[in-house]
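# Chain and residue survey
Residues per chain are reported as follows:
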Amino acid sequence: MIKISVLGYGTVGSGVVEIMRENAELITKRAGEEIQVKSVLDLRDFPGDPVQDMIVHDFEQIRSDEEVKIVVETMGGLHPAYEFVKAALESGKSVCTSNKALVAEYGPELLQTAQEHNANFLFEASVGGGIPIIRPLKISLAPDEILEISGILNGTTNYILTEMTEKGSDFDSVLKDAQDKGYAEKDPTADVEGHDACRKIAILTSLAYGKQLDFEDIYTEGITKITDRDIQYAKKLGAKVKIFGSSKKVGDKVLAMVAPKLITSSHPLYSVDGVFNAILVKGNMVGDVMFYGQGAGKHATASAVVSDVIDEAKHVNINMKTLWSPEKLELLPLDQAASRFFVRIKGDQQAAEQAFGEITPVDAGYDDEFAFVTSEITEGKYQEAAESVEVINKIRFDQ
Ligand code: HSE
């Protein structure tokens, strides 16, 4: 029998305990051994809850418990999650976490600590919630050079953009509605400004290339500037606006960014709507592979965490090496990245052509502005051209 402890009895932590109980028989068969939750760390007590007798308030009780071989970190936040995870690994316990902030910030260090103590540090739930993407990237796609990762990595923003597209509503009213329905946080900044997707693409890209991509180095643009007019233009172009976390091999460097993009129906992720997430990975041998599912939610996320628990139960005292060194990944400077741009300006076709050269006008019936799509130009060239006109908004056009 393997005993585990859960740090944090919130949405995901309680989901982990529920899955461990409801699917106990199946999990035992698949792990080859019974796995039992022994203790749950939380500041609160939970009288009447199935875990009421397992609650502990002091992490030291878990760290020093020799019987506990696996620690599940579902507290969130950087501190004290980092200190607890580090101490658990140093005590030879394996850790699995759903905490993307922790993984993006301390991934290579915690993997190294795990390796030094013949333990494991797994984080399937940190990206894409219930979607298996970390393990496929590390294991199934191991033979391939990863050429590109394109992910709809945030359910809140995908829901907002989908509602704006389907209902023709503006950003603020859709956000308010999403908050009322519980699809968006009271403080939605991390989602709508792209910070959440940024940490997720930082993790995926670091794993894909085996080197550290600091999330602070990723160009990140949220969806707060997307208006209902942008959506109307997108419709005229037969396109949808989606926010992507993406990275791509360009020569010996990697281009990474988080930004809204226009995609047409020929794009594999065109039909990923609502709160769903999806990730497209291009390998140099396997070609395109796609992962789709619930990027958040109690049971979906907890399912990914429990998959790590089972993996760790099968590898007690055996480190499963993960290639993610602290060495920095070399990024392509953003101004060298090329794409087409959809642009709206205060001005006319002549002004647009003077600034951007060859363009294709887009008419959505607004007389007080001029909109167009550029040919493929670099970000540097776009910036230079944009300085000579009054830009209302621009969105990168993927295809
Ligand atoms: N706020 C995130 C989302 C939750 O909307 O996708 C999962 O990380």
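My aim in this report is to walk through the structure given alongside it, one point at a time. (Residues numbered from 1 in each chain as written. Predicted model: local features only at pLDDT ≥ 70, side-chain atom pairs only at ≥ 80, totals over all residues. Heavy atoms only, no water.)

### Quick word on the site of the ligand
Around the ligand, the neighbouring residues are Lys-100, Asn-154, Gly-155, Thr-156, Asp-191, Asp-196, Lys-200, Gly-295 and Ala-296. Contact distances for the ligand include 2.6 Å between an oxygen atom and a side-chain N or O atom of Thr-156. Between the ligand and Asp-191, the relevant distance is 2.9 Å, taken from a nitrogen atom to a side-chain nitrogen or oxygen of the residue. Protein contact buries 81% of the 260 Å² of open area that the ligand shows by itself. Secondary-structure elements contributing two or more residues to the shell around the ligand are helix H7 (155–167) and helix H10 (195–209). Split into classes, the residues belonging to the shell around the ligand amount to 1 nonpolar, 4 polar and 4 charged. (Near = heavy atom within 4 Å. Polar contact = N/O pair within 3.5 Å; in protein donor to acceptor, adjacent residues only side chain to side chain. Areas by Shrake-Rupley, 256 points an atom, 1.4 Å probe, with all protein chains shown as cover. Helix = DSSP H or I, 4+ residues; strand = E, 2+ residues; numbered from the N terminus. Nonpolar A, V, L, I, M, F, W, Y, C, P; charged D, E, K, R; others polar.)

### What to know about the packing of aromatic side chains
Going through the model one piece at a time under the given rule, you end up with 13 aromatic pairs. A centroid spacing of 4.8 Å and a plane angle of 75° characterise the contact between Tyr-9 and Phe-46, whose relative ring orientation is edge-to-face. In this pair, Tyr-9 is assigned in the loop between strand S1 (2–7) and helix H1 (11–22) and Phe-46 in the loop between strand S2 (35–41) and strand S3 (55–56), connecting sequence segments 37 residues apart. Grouping residues by exposure puts Tyr-9 and Phe-46 together as buried. Ring geometry for Phe-356 against Tyr-382: centres 5.7 Å apart, planes inclined by 40°, an arrangement best described as tilted. Within this pair, whereas Phe-356 is found in helix H13 (residues 349–356), its partner Tyr-382 is found in helix H14 (residues 379–386), the two being separated by 26 residues in sequence. Residue classification places Tyr-382 among the buried positions, given a relative accessible area of 3%. (Phe/Tyr/Trp six-rings, centres within 6.5 Å; stacked < 30°, edge-to-face > 60°. Buried < 20%, exposed > 50% of the residue type's maximum accessible area, 1.4 Å probe, protein only.)

### Description of H7
Over its 13 residues, H7 extends 18 Å from the first C-alpha to the last, a length consistent with the 18 Å expected when each residue adds 1.5 Å. The buried count for H7 comes to 11 of 13 residues, which makes it a mostly enclosed element. Turning to H7, its buried residues number three or more, namely Gly-155, Thr-156, Thr-157, Asn-158, Tyr-159, Ile-160, Leu-161, Thr-162, Glu-163, Met-164 and Thr-165. Along its buried surface, H7 packs onto strand S7 (146–152), helix H8 (171–180), helix H9 (189–192), helix H11 (228–236), strand S10 (239–250) and strand S12 (276–283). For H7, the side-chain oxygen to backbone nitrogen distance between the N-cap and Thr-156 is 3.2 Å, and the N-cap itself is Asn-154. Immediately downstream of H7, the backbone of Gly-168 shows phi near 70°, a positive value. (Expected span 1.5 Å × (residues − 1). Contact = heavy atoms within 4.5 Å.)

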